[in-house]
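Structural overview for review
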Amino acid sequence: MTEYTPPKVWSWKKANGGTFASINRPIAGPTHDKVLPVGKHPLQLYSLATPNGVKVTVMLEELLALGHKGAEYDAWLIRINDGDQFGSGFVDVNPNSKIPALLDRSGKTPVRVFESGSILLYLAEKFGEFLPTEQPARAETLSWLFWQMGSAPYLGGGFGHFYAYAPEKFEYAIDRFAMETKRQLDVLDRRLAETEYLGGAGYSIADMAVWPWYGGLALGRMYNDSAEFLSVQDYEHVQRWAKAIDARPTVQRGRMVNRAFGDPAMQLHERHDAGDFETKTQDKLVAAE
């Protein structure tokens, strides 16, 4: 391998290789004009079923299951590999051009909310659910919510990228981020040995934030054969927690929304009503053609 010496001034090479290279760029702002669709419900979600997107659809399905009619939502698919996130309408809702993005149209003035953790907190406060109001439980829950925000980039952009997506395998990078990912799994395992859920005895937005990333990893759903590589079965408390959350019907529905990959029966590209889960998954739409 040729040793790389950084230049004095960095310049962008578009053909930098690797999965997702075509959607990465060093500037912000829209690349094209595109108006976002708007449905009939108070909440408009623009997303894709990546771990960050799943956080929000799980939260919305949980709220609906509790009877919060104001949590009805239209979920629109944003295909990030096609650059939908760089359309002018999407950038207006999220200037950072990342999914998910939420527009709350329930009041006189629409409210935009971006960054998945911010959306979870916004919805928890709006509906008074899944976030304790008393201390110290509230602080504990928020600490684990923000732990995920700071930790997951090492799992996704670090380990996941170099293990599964980079154009070449680099031992140093894989070892560095595998070590950190296993440290994070140990952090979670030690916490979950003490309590049923991350915030305490109750299921909360902390679990909804952490589970799509670390639960998915523990269940063998991420980064090819990474579960074996990282020996995820050794983290018994994470395994218990991951399986318990995975069994929730609300979580199973949330995983389907805006999914455009994998089993067609698990793909609900758009969600506008609860009945869509029964009639509009990709396997049913294809069969009806």
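Residues numbered from 1 in each chain as written. Predicted model: local features only at pLDDT ≥ 70, side-chain atom pairs only at ≥ 80, totals over all residues. Heavy atoms only, no water.

By the naming in an unreviewed UniProt entry, the protein chain goes by Glutathione-dependent disulfide-bond oxidoreductase and is assigned to Mesorhizobium caraganae.

**Description of the nonpolar core**
The biggest cluster of nonpolar side chains holds 65 residues, and the ones touching the most others in it are M59, L123, I205, Y214, Y223 and W241. The element contributing the most residues to this core is helix 6 (residues 205-218), with 10 residues. Those residues in contact with Y223, other than ones at most four positions away along the chain, are L155, G156, F159, G160, Y163, A164, Y165, W213 and L217. Within the second largest apolar cluster, 14 residues are counted, among which are L36, I78, F86 and F90. (Core = buried A, V, L, I, M, F, W, Y, C linked by side-chain atoms within 4.5 Å. Buried < 20%, exposed > 50% of the residue type's maximum accessible area, 1.4 Å probe, protein only. Helix = DSSP H or I, 4+ residues; strand = E, 2+ residues; numbered from the N terminus. Contact = heavy atoms within 4.5 Å.)

**Some remarks on the UniProt feature "domain: GST C-terminal" (unreviewed entry) in the protein chain**
When the UniProt feature table is mapped onto this chain numbering, "domain: GST C-terminal" (unreviewed entry) sits at residues 134-268. Within the segment residues 134-268, helix and strand shares are 65% and 0% respectively, and the terminal C-alpha atoms sit 37 Å apart. (UniProt positions renumbered as here; feature names shortened; annotations may be inferred.)

**Looking at the pattern of salt bridges**
Inspection of every chain in the model, using the stated rule, returns 14 salt bridges. The partner of E61 in a salt bridge is R253, with the nearest N and O atoms 3.1 Å apart. Of this pair, E61 sits in helix 1 (residues 51-65) while R253 sits in helix 9 (residues 249-256); the two residues are 192 residues apart in sequence, bridging distant segments of the chain. Classification of E61 by relative accessible area gives buried; the value is 3%. Note that R271 is salt-bridged to E72, the shortest N-O span being 2.9 Å. (Salt bridge = Lys/Arg side-chain N within 4 Å of Asp/Glu carboxyl O.)

**Comments concerning the environment of T50**
Along the chain, T50 turns up in the loop between strand 1 (43-47) and helix 1. Taking the C-alpha atoms as reference, T50 lies 34 Å from T5; in sequence the two are 45 residues apart.

**Notes on the pairing of strand 4 (residues 111-114)**
Note that strand 3 (residues 101-104) and strand 4 share four bridges and pair antiparallel. What sits directly across from D104, in strand 4, is V111. (Pairing = 2+ DSSP bridges.)

**As for the pairing of strand 2 (residues 73-77)**
Of all five residues making up strand 2, five are buried, and the element is well covered by its neighbours. Taken together, the five bridges between strand 1 and strand 2 define a ladder with parallel strand orientation. Within strand 2, the position partnered with L45 by the bridge is A75. Running through helix 1, the crossover from strand 1 to the neighbouring parallel element strand 2 is right-handed. (Right-handed = clockwise from strand over helix to strand, strands pointing away.)

**Observations concerning the environment of V257**
Note that V257 resides in the loop between helix 9 and helix 10 (276-279). If sequence neighbours within four positions are ignored, V257 has contacts with A49, T57, Y73, A75, L268, R271 and F277.

**Some details on a nonpolar patch on the surface**
Side chains of Y4, W10 and W12 sit close together on the surface and give an oily, nonpolar patch of about 430 Å² of accessible area. Exposure remark for W10: the relative accessible area of 58% places this residue in the exposed category. (Patch = residues over 30% accessible without salt bridge, like charges linked within 9 Å, V, L, I, M, F, W, Y side chains within 5 Å. Areas by Shrake-Rupley, 256 points an atom, 1.4 Å probe, with all protein chains shown as cover.)

**Brief notes about the sheet that holds strand 3**
Spatially, 2-1-3-4 is the arrangement adopted by the four strands of the open sheet, whose pairing is mixed. Looking at strand neighbours, the two that pair on one side only are strand 2 and strand 4, the edges of this open sheet. Strand-to-strand twist of the sheet, defined as the mean angle between neighbouring strand axes without regard to direction, takes the value 20 degrees. Most of the contacts of helix 1 go to strand 1, to which it runs at about 150 degrees, and overall it touches strand 1 and strand 2. Of the strands in this sheet, strand 1, strand 3 and strand 4 touch helix 3 (residues 116-127), which is tilted by about 130 degrees from strand 4. (Axes fitted to C-alpha atoms, helices over the stretch in contact; angles between N-to-C directions.)

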